[in-house]
Amino acid sequence: MAAAVSEDVWAEQNTDPDAIDAALREMLRSRHAANQTLAPARVLNLIVVVDRAWKGEISNRLARVGRYHASRTILCAVEDGRDTLDATAVMSYEDTAGGGIGVIRESVEIDMGPEHLSGLETIVDPIVISELPTVLWCPHGHDDAIAALQGITDVILLDSDDFPDADEGLARAQEEQRSAYVVDLAWLRTTPWRERLAASFDPPARRASLAAIEGFTIRHQAASTASALLLAAWLASRLQWDTRPLVSANGAGLHGRAYTSSSRYIDLRLEPAAQDVPGLAGVTVTCAGYSLSLDRAHGGLRANETIAGHGEHSWLVLGASRGEGGILGEGVRQALLRDPTYGPALEVARGFQAHAG
Amino acid sequence: MQSAAVATEVEQDNPLIAGLERLPVRPTALVIFGATGDLAHRKLLPALYNLAHEGALPERFEMVGVARRDQEHNEFRDMAKESIERFSRRRPDESVLKGLIDELRYVPGEFDDDDVYSHLRRVLNEFDQRAGQELNHVFYLSTAPQFFPVIAGKLGAAGLNRARDAETRIVIEKPFGYDLASARQLNAEVLEVFDEPQVFRIDHYLGKETVQNLMALRFANALFEPVWNRNFIDYVQITAAEDIGIGGRAGYYEGAGALRDLVQNHMMQLLALLTMEPPTAFDADRVRDEKLKVLEAIVPPAVSEVPSMAVRAQYGPGTVGGKRVVGYHDEEGVAPDSRTETYAALRLHVSNWRWAGVPFYLRTGKQLARKVTEIAVTLKPVPHLAFKSQGSVGVQPNQIILTVQPDEGVSVSLGAKIPGPTMRIRPVNMEFRYGTSFMSESPEAYERLILDAMRGDATLFTRGDEIEALWAIIDPILTEWHEDTTSPIPQYAAGTAGPPEADALLEGNAKWRRL
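Residues numbered from 1 in each chain as written. Chains lettered and ligands numbered in written order. Predicted model: local features only at pLDDT ≥ 70, side-chain atom pairs only at ≥ 80, totals over all residues.

**Some thoughts on the overall build of chain B**
Here is step 1 of the chain: Looking only at helices and strands, chain B features 14 helices and 17 strands.
Here is step 2 of the chain: Against the 2.2 N^0.38 benchmark of 24 Å for 515 residues, chain B shows a C-alpha radius of gyration of 24 Å, consistent with a compact globule.
Here is step 3 of the chain: Projected onto the principal axes, the alpha-carbon positions of chain B cover approximately 80 × 60 × 45 Å.
Here is step 4 of the chain: Evaluated residue by residue, chain B yields a buried proportion of 47% over its 515 residues.
Here is step 5 of the chain: Considering only contacts within chain B whose residues lie at least 6 apart along the sequence, 78% involve residues at least 24 apart. (Helix = DSSP H or I, 4+ residues; strand = E, 2+ residues; numbered from the N terminus. Rg over C-alpha atoms; globule rule 2.2 N^0.38 Å. Buried ≥ 20, exposed ≤ 12 C-beta atoms within 10 Å, placed from the backbone. Contact = placed C-beta atoms within 7 Å.)

In structure tokens, the structure reads:
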């Protein structure tokens, strides 16, 4: 059972960063003096810039990240017409009655106006914990905030599925890569699929089939084209396929070809599928004499394998769905890691989109 | 060598695994002998569920429980479900749990009955047919130790120790042997059937994050290694204290005692990791080669030397956590004249260039004042003291404390100036705690170890020569304590820090850390 969580709260209208910083220090000092078994989490800072009207939705998403909370979250809520800063700081901590160390997490909400964004660094910098990596997430755009915080941002969290079209999302991710490490939630939606494909072709007898792939089809929620492109691009980049732009399949997704070094082609298809949740619905890999499909199912992925001369096998690959809350939490966690395969996949994915219509 | 080769093969040849945190595990059928026992109930089945939840089990995964209890598949499934619901570290997802449980199979019978192995073979063949491929086999021996050689032998006789196109591994729980001779005997019996790379001797301490972090602390930080030697370290204490008695385990504990229960395995592993030389690579044989070297540098005492380097004791009645508790002799199932130790303390020396002259103190016991497992490394005092100690506790030697449980972390004690007009010094702590420095909770040790065994990575398992080296150090102490049937066994009141006799082991300025 989860430990009970208590909170200390400070709030001030028409405040400034020094006052917020002083309040955080004082809350920490007095809480630690009252209970020395409490210690502040010191893993990473998360700065979130949102439209104030949608603050609640983002706060709810952040509350659902499971155990992957940032140590200090600074939520900047932007509201038209506002020219002062109002702030609330909350220090939450677990009950340590059962013994052990209790972890303190801090969150700060600052209501601000659009005019503040160009100088956002001067507001946020005094409040971040300086020795920790800082992650920036701007789910509602706010390019001026991204530019202003470039100097203190180590990691940019974004969702390339969250843009009006996949090309724009992937282009933004590529652009942000120039100044910071990018954690892309669209990429993280592909993780179980990448793991399962890697595992399916891991047995030595099966690995040879990688060089004989003839087709790769991805079924995805219509709004998750970026995820689908990234998965196709991942396979292409790992197997060093020569790729070409994909074209529209008469409004039913994208299709095209990639080529191996021996000029053999692979048929690529990205097909929208009816699915309530964002992300991928299934994949099918076909090779000469072999095909493997993985599709979402209760309790994991349903695998269907057909081997020429050996018939068809079907089984459930176990794994719990992480949900969108879990994917955001995974995004926070990934900010501390480095995935060397995202960059090459992103580059190929951009190439897929070069002339897509 | 095979295990390292398997890992290397996976990492080098599959182009799809780059960047993945979770490496693939080949299709596997896991067979748990003793599947209705306490370990399976509390640890193994919940660990398997958590691996399933995270999508970490192999693509094709099958599990068979083997035990003496006569029951049907469904009864075993119900039992497994209850174990998982009760002991899993996370609330089970119904659909994943159902997916795991529905496929479980059960084979009843005595472990020495050939029919059990014929039945098992049929079930495993059925799995292979269903999968359209030969699955790897992992046989997990979670039984009473007397069955280890029996099961290994029967697996060999049934031809289940090898597969044509797949790997076969055997995981053997502790205790691996009762003394040096029995450990050698068991090694010989197991290795008659399986090759060493197929054998995974488990010590679940090695699966703990904090224990693995010992290597990270030493070999990923330039801060510690320069002082990690006889020139700077005064002494080391390794403590594994428990604040509970033997519970209902008198049958096991009377035959084991504190030395076998914790020192020979867990505590000696901590000592080996603390003192070994840096391996050239973090792979199974390189790490275990270094551990073996340092264990072989611990010269086993002559039997006549044991009284001066080892102390045993038993807990008497006392108060623990405000409750009165009975002494060991009054525990149910304990012989009134039992000489089994519930407390053991040792002083060991590592006779090599790095550690010559540094005493290593190990102590463990039941019904002590507090539950704590830690390593305390005490550095030598500074050579010249410019500060006066008047008005303060003064300058104390630095200590590096690695806590394995309950609060996993590392702390370093430093001398710092007390605020005020005079230069007074007192120790302060710099602390690293897992809970505040990492967002993720540590997985259960068994999750990591089961996965490693299925992957064929033996780094965190004990090799045959290593286990014999561990027993060789302990064996003379066991012999002396066994042969000495007349000396009174020191007693300590339950809820205290142990017997005062243990103080006699300490050399120089050393003193036992407060529990």
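**Some words on the overall build of chain A**
Here is step 1 of the chain: Of regular secondary structure, chain A possesses 11 helices and 18 strands.
Here is step 2 of the chain: In terms of overall dimensions, chain A has a C-alpha envelope of 70 × 50 × 35 Å along the principal axes.
Here is step 3 of the chain: Within the span of chain A, comprising 357 residues, buried residues form 46% of the whole.
Here is step 4 of the chain: Sequence separation of 24 or more characterises 69% of the internal contacts of chain A that already satisfy a separation of 6 or more.

**So, the nonpolar core**
Here is step 1 of the chain: A:Cys76, A:Leu229, A:Leu230 and A:Ala232 are the most contacted members of the largest nonpolar core, which totals 249 residues.
Here is step 2 of the chain: With 11 residues, the single largest contributor to this core is helix 9 (residues 250–275) of chain B.
Here is step 3 of the chain: The contacts of A:Leu229, once residues within four sequence positions are left out, are A:Ala166, A:Leu170, A:Leu270, A:Ala349, A:Phe352 and A:Gln353. (Core = buried A, V, L, I, M, F, W, Y, C linked by C-beta atoms within 7 Å.)

**So, the interface of chain B and chain A**
Here is step 1 of the chain: Opposite the 38 residues of chain B that make contact, chain A presents 41 residues.
Here is step 2 of the chain: Among the secondary structure elements, those contributing two or more residues to the side of chain B that touches chain A are helix 1 (2–13), helix 2 (38–53), helix 4 (94–101) and helix 12 (434–437) of chain B.
Here is step 3 of the chain: Grouping the constituent residues of the side of chain B that touches chain A by class yields 16 nonpolar, 11 polar and 11 charged. (Nonpolar A, V, L, I, M, F, W, Y, C, P; charged D, E, K, R; others polar.)

**Describing the pairing of strand 8 (residues 310–316) of chain B**
Residue and element names in this part refer to chain B.
Here is step 1 of the chain: Across the 7 residues of strand 8, 7 count as buried, placing the element largely inside the fold.
Here is step 2 of the chain: Here strand 8 shows two buried faces, one formed by Ala310, Arg312, Gln314 and Gly316 and the other by Val311, Ala313 and Tyr315.
Here is step 3 of the chain: Relative to strand 11 (residues 343–349), strand 8 runs antiparallel, the two sharing 4 bridges. When the bridges of strand 11 are listed, Arg312 appears paired with Ala344.
Here is step 4 of the chain: One ladder, built from 3 bridges, connects strand 8 with strand 17 (residues 491–493); its direction is parallel. Across the sheet, the residue bridging to Tyr315 is Tyr492, located in strand 17. (Pairing = 2+ DSSP bridges.)

**Let's talk about the domain arrangement of chain A**
Here is step 1 of the chain: Looking at the assigned domains, one finds that chain A contains domain 1 (5–153) and domain 2 (191–352).
Here is step 2 of the chain: Taken together, the contacts link 10 residues of domain 1 of chain A with 9 residues of domain 2 of chain A. (Domains from an automatic or database assignment.)

**Thoughts on the environment of A:Tyr259**
Residues and elements named next belong to chain A.
Here is step 1 of the chain: Of note, Tyr259 is situated in strand 13 (residues 254–259).
Here is step 2 of the chain: When the C-alpha positions of Tyr259 and Ala212 are compared, they lie 11 Å apart, and in sequence the two are 47 residues distant.
Here is step 3 of the chain: Look past the residues within four positions of Tyr259 in its chain and what remains in contact with it is Trp241, Asp242, Arg264 and Tyr265.

**Comments concerning the confidence of the model for chain B**
All names here are of chain B.
Here is step 1 of the chain: Considering every residue of chain B, the mean pLDDT works out to 92; 96% of them sit at 70 or more.
Here is step 2 of the chain: When the criterion is pLDDT under 50, residues 1–12 qualifies, and its contacts beyond four places in sequence or with other chains add up to 21 contacts.
Here is step 3 of the chain: Confidence estimates for the predicted assembly give a pTM of 0.91 and an ipTM of 0.90. (pLDDT = per-residue confidence, 0-100.)

**A word on the pairing of strand 7 (residues 233–241) of chain B**
Put simply, side chains in a regular strand alternate between the two faces of the sheet.
Residues and elements named next belong to chain B.
Here is step 1 of the chain: Most of strand 7 is tucked away: 9 of the 9 residues are buried.
Here is step 2 of the chain: As paired elements, strand 7 and strand 13 (residues 372–379) share 8 bridges and run antiparallel to each other. In the strand pairing of strand 13, Ile233 is matched with Leu379.
Here is step 3 of the chain: Note: strand 7 against strand 12 (residues 359–365), 6 bridges, orientation parallel. When the sheet's bridge partners are listed, Thr239 is paired in strand 12 with Arg363.

**Details of the sheet that holds strand 8 of chain B**
Residues and elements named next belong to chain B.
Here is step 1 of the chain: Strand order in this open sheet of 9 strands is 16-15-14-13-7-12-11-8-17, and the pairing throughout is mixed. Edge positions in the open sheet fall to strand 16 (425–433) and strand 17, since each of these has one partner strand only. When the angles between neighbouring strand axes are averaged without regard to direction, this sheet yields 20°.
Here is step 2 of the chain: In the packing of helix 8 (residues 209–219) onto the sheet, contacts are made with strand 14 (399–405) and strand 15 (409–417), and the angle to strand 14 comes to roughly 150°.
Here is step 3 of the chain: Contacts from helix 9 reach strand 7, strand 11, strand 12 and strand 13, with the element oriented near 145° to strand 12. (Axes fitted to C-alpha atoms, helices over the stretch in contact; angles between N-to-C directions.)

**Topic: the domain arrangement of chain B**
All names here are of chain B.
Here is step 1 of the chain: Domain parsing of chain B yields domain 1 (2–202) and domain 2 (207–441 + 461–505).
Here is step 2 of the chain: Placing a centre on the C-alpha atoms of domain 1 and another on those of domain 2 gives a separation of 32 Å.
Here is step 3 of the chain: Counting residues at the interface gives 18 residues for domain 1, matched by 16 residues for domain 2.
Here is step 4 of the chain: For the side of domain 1 that touches domain 2, the secondary-structure elements that each account for two or more residues are helix 1, helix 7 (180–193) and strand 6 (199–201).
Here is step 5 of the chain: Among the elements that line the side of domain 1 that touches domain 2, the one with the most residues is helix 7, at 5 residues.

**Things to note about the environment of A:His298**
Residues and elements named next belong to chain A.
Here is step 1 of the chain: Mapping His298 onto the fold places it in the loop between strand 16 (290–297) and strand 17 (300–307).
Here is step 2 of the chain: You can call His298 partly exposed: it has 13 C-beta atoms within 10 Å.
Here is step 3 of the chain: Residues His298 and Ile110 lie 188 residues apart in sequence; the distance between their C-alpha atoms is 41 Å.

**Some details on the sheet that holds strand 5 (residues 168–172) of chain B**
All names here are of chain B.
Here is step 1 of the chain: Spatial strand order, 3-2-1-4-5-6: 6 strands in an open sheet with parallel pairing. Edge positions in the open sheet fall to strand 3 (105–108) and strand 6, since each of these has one partner strand only. Here the average twist between neighbouring strands, direction ignored, is 20°.
Here is step 2 of the chain: Note that strand 5 and strand 6 share 3 bridges and pair parallel. Opposite Ile170, over in strand 6, you have Val199 as the bridge partner.

**Considerations on unusual backbone geometry**
Residues and elements named next belong to chain B.
Here is step 1 of the chain: Residue Pro175 is bonded to the preceding Lys174 through a cis peptide linkage, with omega at 5°.
Here is step 2 of the chain: Among the secondary structure elements, Pro175 is positioned in the loop between strand 5 and helix 7.
Here is step 3 of the chain: Cis peptide bonds are those with omega within 30 degrees of zero, and the linkage from Gln405 to Pro406 qualifies with 5°.
Here is step 4 of the chain: As for its position among the elements, Pro406 is in the loop between strand 14 and strand 15.
Here is step 5 of the chain: Although it is not a glycine, Gln367 adopts a positive phi angle of roughly 55°.

**Quick look at helix 7 (residues 191–200) of chain A**
Here is step 1 of the chain: Among the 10 residues in helix 7 of chain A, 10 count as buried, and that is most of the element.
Here is step 2 of the chain: Within helix 7 of chain A the residues assigned to the buried category are A:Thr191, A:Pro192, A:Trp193, A:Arg194, A:Glu195, A:Arg196, A:Leu197, A:Ala198, A:Ala199 and A:Ser200.

**Structural notes on helix 11 (residues 342–352) of chain A**
Residues and elements named next belong to chain A.
Here is step 1 of the chain: Every buried residue of helix 11 is accounted for by Tyr342, Ala345, Leu346, Val348, Ala349 and Phe352. One face of helix 11 carries all of its buried residues, which in axial projection span an arc of 165°.
Here is step 2 of the chain: Looking at the packing, one finds that the buried side of helix 11 touches helix 5 (166–176), strand 9 (181–184), helix 6 (185–188), helix 9 (225–238) and strand 11 (242–243). (Arc of directions from axis to C-beta.)

**Examining the packing of helix 5 of chain A against helix 9 of chain A**
Residues and elements named next belong to chain A.
Here is step 1 of the chain: Their axes nearest at 8 Å, the elements helix 5 and helix 9 cross at an angle of 60°. Crossing of helix 5 against helix 9: the hand is right-handed. Residues Ala166, Gly169 and Leu170 of helix 5 touch helix 9, and the partners they reach there are Thr225, Ala226 and Leu229.
Here is step 2 of the chain: Here the contact of helix 5 with helix 9 is built from residues that sort into 4 nonpolar, 2 polar and no charged. (Left-handed = near helix turned anticlockwise from the far one by under 90°.)

**Concerning the packing of helix 2 of chain B against helix 4 of chain B**
Residues and elements named next belong to chain B.
Here is step 1 of the chain: Running from N to C, helix 2 and helix 4 cross one another at 120°; their axes reach a closest spacing of 10 Å. Classified by the interaxial angle, the pair formed by helix 2 and helix 4 is oblique. For the element pair helix 2 and helix 4, the recorded crossing hand is right-handed. The residues of helix 4 that touch helix 2, namely those facing Leu48, Tyr49, Ala52 and His53, are Val96, Leu97 and Leu100.
Here is step 2 of the chain: Within the contact of helix 2 with helix 4, the residues separate by chemical class into 6 nonpolar, 1 polar and no charged. (Parallel < 35°, antiparallel > 145°, perpendicular 65-115°, else oblique.)

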